[in-house]
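# Architecture at a glance
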Amino acid sequence: MPVKNAMTFDFLHSAYGGESMAHMRYLIWAEVARKEGFPNIGKLFEAIAYAERVHAGNHFREIGGSTADATVTAGAVFGTGKTVENLQGAINGELHEVKQMYPVYLNAAEFQKEPGAQRSFHFALEAEKIHAALFQKAQNAAKEGKDVELKSVYVCPVCGHTILDGAPDSCPICGAKKELYVKF
């Protein structure tokens, strides 16, 4: 069922645009990291790109309604630098979503009684907190010329929860079962 309120509708479009751009930006930055000798940071970028795709997909589904054109305004980081710089761009983007964007979007969806949008914004907000911390960990290693230590990255395909080296029995954000997690 499509959202009923114009503000939440616009926020879903904006969030979809931002998450879509983050997805592509992280895939590009994964290539840069690998070329610079940081395969694990590349893996982390790739896994979180998948999580951003999950968020975009959730927002897209909640927009609902018939197919139509829309102008989308979304904040984004642009450019490609060295891996340490790209990680700072990722950290900045994730923290913007955590401290600015998603709290406002979630508040509006709650106020306007849009439960699907509430769920979608909540899932993204909680996952982005984790993404910011993971990118910070990776940047700390890269600043020392080292790759981040990890064996694998697991991402929940329902909400984008991201965790290193093993999936939990159930997702702490959405409750999805361990078997659903995608391993990178």
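Relevant structure appears above.
A brief structural summary.

Conventions and cut-offs
Residues numbered from 1 in each chain as written. Predicted model: local features only at pLDDT ≥ 70, side-chain atom pairs only at ≥ 80, totals over all residues. Heavy atoms only, no water. Helix = DSSP H or I, 4+ residues; strand = E, 2+ residues; numbered from the N terminus. Axes fitted to C-alpha atoms, helices over the stretch in contact; angles between N-to-C directions. Parallel < 35°, antiparallel > 145°, perpendicular 65-115°, else oblique. Left-handed = near helix turned anticlockwise from the far one by under 90°. Nonpolar A, V, L, I, M, F, W, Y, C, P; charged D, E, K, R; others polar. Expected span 1.5 Å × (residues − 1). Buried < 20%, exposed > 50% of the residue type's maximum accessible area, 1.4 Å probe, protein only. Pairing = 2+ DSSP bridges. Contact = heavy atoms within 4.5 Å. Salt bridge = Lys/Arg side-chain N within 4 Å of Asp/Glu carboxyl O. Disulfide = S-S within 2.5 Å. Core = buried A, V, L, I, M, F, W, Y, C linked by side-chain atoms within 4.5 Å.

## With respect to unusual backbone geometry
In this structure, Lys-113 is a non-glycine residue whose phi angle is positive, near 55°. Summarising the element assignment, Lys-113 is placed in the loop between helix H3 (83-111) and helix H4 (115-143). One non-glycine residue, Asp-165, lies in the positive phi region at around 65°. Of note, Asp-165 is situated in the loop between strand S2 (162-164) and strand S3 (182-183).

## Side note on the packing of H3 against H4
At a closest axis distance of 8 Å, the pairing of H3 and H4 adopts a crossing angle of 160°. The angle between the axes of H3 and H4 places the two elements in the roughly antiparallel class. Like other packed secondary-structure pairs, H3 and H4 cross with a definite hand, here left-handed. Considering only residue class, the contact of H3 with H4 consists of 19 nonpolar, six polar and six charged.

## Some points on helix H2 (residues 39-63)
The end-to-end C-alpha distance of H2 is 36 Å, a good match for the 36 Å that 25 residues give at a rise of 1.5 Å each. The element H2 is extensively covered by neighbouring structure, given that 19 of its 25 residues are classed as buried. At the C-terminal side of H2, Gly-64 shows a positive phi close to 55°.

## Here's the deal with the sheet that holds S2
Strand order in the open sheet made by the three strands is S2-S1-S3, with antiparallel pairing throughout. Each end of this open sheet is capped by a strand with a single partner; those strands are S2 and S3. Here H2 sits on the sheet and contacts strand S1 (153-155), S2 and S3; the angle it forms with S1, its principal contact strand, is near 5°.

## Observations regarding the pattern of salt bridges
Applying the stated criterion across every chain yields a total of four salt bridges. For Glu-126, the salt bridge is made with Lys-129, and the minimal N-O distance between the two is 3.0 Å. One end of the pair is Glu-126 and the other is Lys-129, both in helix H4 and three residues apart, which spans about a single turn. With a closest N to O distance of 3.5 Å, Lys-146 and Glu-144 form a salt bridge. Exposure remark for Glu-144: the relative accessible area of 58% places this residue in the exposed category.

## Comments concerning the state of the cysteines
Inspection of every chain in the model, using the stated rule, returns zero disulfides. In this structure Cys-159 is not part of a disulfide, and its nearest cysteine sulfur, from Cys-171, lies 3.4 Å away.

## Here we look at the nonpolar core
Ranked by size, the top nonpolar core spans 28 residues in total, and within it Tyr-26, Ile-41, Leu-44, Phe-45, Leu-87, Phe-135 and Val-153 carry the most contacts. When residues in this core are grouped by element, the largest group, nine residues, is from H2. In this structure Ile-41 touches Ala-33, Thr-83, Leu-87, Ala-138, Ala-142, Lys-146, Asp-147 and Val-148, once residues within four positions along its chain are discounted.

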